[in-house]
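Take a look at the letters that make up each chain.
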Amino acid sequence: MYKPTFKLRGEICIGVASIFSFTAVMLLIFVHVAQISTSSVPRGIAMAKMNVSQYGQTLAKGLGDPITNLYATNASAPLGEEDGIRNVYKFGLYSYCGYLNNTAGRCSNTTIANKYQPFNALIADMALNYSALTIFIINGTSSFESQSMATHTHSAYYLILLGTIFAFLALVIGVVKHTFAFLASACLAVLATTFVLAGAALWTAAINSSESVNGLILNTTNIPLGIEVSSGSGLSLLWAAVGCLFASLIPYLISCCTFRG
């Protein structure tokens with residue numbers, strides 16, 4: 001007598017869960033493509049950003065001498081070859097890119113589980129005299145140069161990758177109209193939520209740690225150092241995916257109990 005009602009309730013719940021899962025998977029895909037190239041979509045998504053456009057002016061004011069050859073003039077020059085720093089650096093899961101302006105830039109080689117190391121990226125683009133000076137200024141003053149950020153984001157990549165796979169599997173298996181399939185989807189959604197949440201937390205901690213450079217001043221002067229680190233839209237997308245995955249858990253679990261196929 002109540003079988004049609006239970007079945008309908010289960011189908012509605014799985015439909016809602018599938019919408020949340022699909023949204024989470026799409027958000028995670030955007031997170032994965034962040035900064036893999038300088039084309040429009042990857043360029044606009046980053047886990048973290050570092051603006052050093054004012055750093056040269058700070059050095060000039062602090063040293064009282066003009067600063068030359070600190071910045072690159074060729075946007076296509078490779079990163080990490082002491083060819084000059086870029087105005088803005090953006091970091092993703094697989095690579096990072098340096099930009100002279102909003103569109104002109106160059107990306108590093110794509111690497112699985114790329115480590116977030118903004119200090120290293122900055123130093124690698126400087127000539128020896130400027131890198132030695134920058135190390136002298138920043139060394140020991142903040143956690144901006146901490147290697148723990150690299151460790152955290154390296155681990156976070158695998159957590160996010162596994163979470164993405166589990167979220168996709170939950171979405172696909174949930175299409176099968178069977179109680180055990182819904183149960184499997186619920187379990188996969190729990191795993192996806194846990195892994196993506198952990199990955200987002202590690203990335204957030206790493207970015208917060210690197211933001212300690214924002215408050216630095218040049219030696220005993222009151223001149224801001226001119227290096228500003230901030231989170232990017234990729235981190236927001238990652239946390240939004242966590243929210244969608246968490247929201248999918250309840251309808252997945254309800255469908256297990258109410259669907260009678």
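Owing to the predicted nature of the structure, the values given are computational and were not obtained by experimental measurement. (Residues numbered from 1 in each chain as written. Predicted model: local features only at pLDDT ≥ 70, side-chain atom pairs only at ≥ 80, totals over all residues. Heavy atoms only, no water.)

A short note on the overall build of the protein chain
Helix and strand counts for the protein chain stand at 8 helices and 5 strands. Counting helices and strands in the order they occur from the N terminus, the protein chain gives α-α-β-α-β-β-β-α-α-α-α-β-α. Over its C-alpha trace the protein chain gives a radius of gyration of 23 Å, far above what one expects of a compact globule, namely 18 Å for 261 residues. A principal-axis box enclosing the C-alpha atoms of the protein chain has dimensions of 90 × 35 × 25 Å. For the protein chain, with 261 residues in total, the buried portion stands at 46%. Taken together, the 12 basic and 9 acidic charged side chains of the protein chain have centroids lying 24 Å from each other. (Helix = DSSP H or I, 4+ residues; strand = E, 2+ residues; numbered from the N terminus. Rg over C-alpha atoms; globule rule 2.2 N^0.38 Å. Buried < 20%, exposed > 50% of the residue type's maximum accessible area, 1.4 Å probe, protein only. Lys, Arg positive; Asp, Glu negative; His and termini not counted. Charge placed at Lys NZ, Arg CZ, Asp CG, Glu CD.)

Topic: the packing of helix H3 (residues 55-63) against helix H5 (residues 128-138)
When two helices pack together, their arrangement is given by the angle between the helix axes and by the axis-to-axis distance. At a minimum axis distance of 13 Å, the contact between H3 and H5 shows a crossing angle of 80°. As summarised for this structure, H3 and H5 are arranged roughly perpendicular, according to the angle between their axes. Two secondary-structure elements touch here, H3 through Tyr55, Leu59 and Leu63 and H5 through Tyr130, Leu133, Thr134 and Ile137. Taken together, the residues of the contact of H3 with H5 break down into 6 nonpolar, 1 polar and no charged. (Axes fitted to C-alpha atoms, helices over the stretch in contact; angles between N-to-C directions. Parallel < 35°, antiparallel > 145°, perpendicular 65-115°, else oblique. Contact = heavy atoms within 4.5 Å. Nonpolar A, V, L, I, M, F, W, Y, C, P; charged D, E, K, R; others polar.)

Considering the environment of Thr153
Here Thr153 shows up in helix H6 (residues 148-173). Within polar-contact distance, the side chain of Thr153 engages the backbone oxygen of Met149 at 2.8 Å. (Polar contact = N/O pair within 3.5 Å; in protein donor to acceptor, adjacent residues only side chain to side chain.)

Examining the layout of surface pockets
Here the largest pocket defines a volume of roughly 170 Å³. As for the largest pocket, its lining consists of Pro78, Leu79, Glu81, Tyr96, Arg106, Cys107, Ser108, Asn109, Thr111 and Asn114. (1 Å grid on protein atoms, 1.4 Å probe; cavity = no way out; pocket = protein on both sides within 12 Å on 5 of 7 lines; lining within 4 Å. Points joined across faces, edges and corners; volume = space filled by probe spheres on them.)

Considering the state of the cysteines
Applying the stated criterion across every chain, the model contains 1 disulfide. One disulfide bridge connects Cys97 with Cys107, the sulfur atoms lying 1.9 Å from each other. Disulfide Cys97-Cys107: torsion about the S-S bond near 90°, hence right-handed. Pair noted here: Cys97 is in strand E3 (residues 96-99) and Cys107 is in strand E4 (residues 105-107), with a separation of 10 residues, a long-range link. Of the two residues examined, Cys97 and Cys107, each falls in the buried class. (Disulfide = S-S within 2.5 Å.)

What about the environment of Gln35?
Among the structural elements, Gln35 can be located in the loop between helix H1 (3-32) and helix H2 (40-44). A residue is classified by how much of its surface remains accessible, and Gln35, at 0% relative accessible area, is buried. Separated by 72 residues in the primary sequence, Gln35 and Cys107 place their C-alpha atoms 7.3 Å from one another. Separated by 2.8 Å, the side chains of Gln35 and Tyr99 make a polar contact.

Brief notes about the pairing of strand E1 (residues 48-51)
What you see with E1 is a clean split: Ala48 and Met50 sit on the buried side and Lys49 and Asn51 on the side with no burial. With 4 bridges connecting them, E1 and strand E2 (residues 88-91) associate as antiparallel partners. Its bridge partner being in E2, Lys49 is matched across the sheet by Lys90. (Pairing = 2+ DSSP bridges.)

Overview of H5
Among all positions of H5, only Tyr130, Ser131, Thr134, Ile137 and Ile138 are buried. Buried residues along H5 cover an arc of 125° about the axis, so they all sit on one side. Among the exposed residues of H5, those pointing more than 90 degrees away from its buried face are Leu128, Asn129 and Phe136. Just downstream of H5 lies Gly140, where phi reads positive at about 80°. (Arc of directions from axis to C-beta.)

Observations regarding the sheet that holds E3
Pairing within the open sheet is antiparallel, and its 5 strands lie in the order E4-E3-E2-E1-E5. In the strand order of this sheet, the two ends are held by E4 and strand E5 (228-231), each with one partner. Direction aside, neighbouring strands of the sheet carry axes that sit 15° apart on average. Inspection of the sheet shows E1 paired to E5 by 4 bridges, in the antiparallel sense. Looking across to E5, one finds that Met50 is bridged to Val229.

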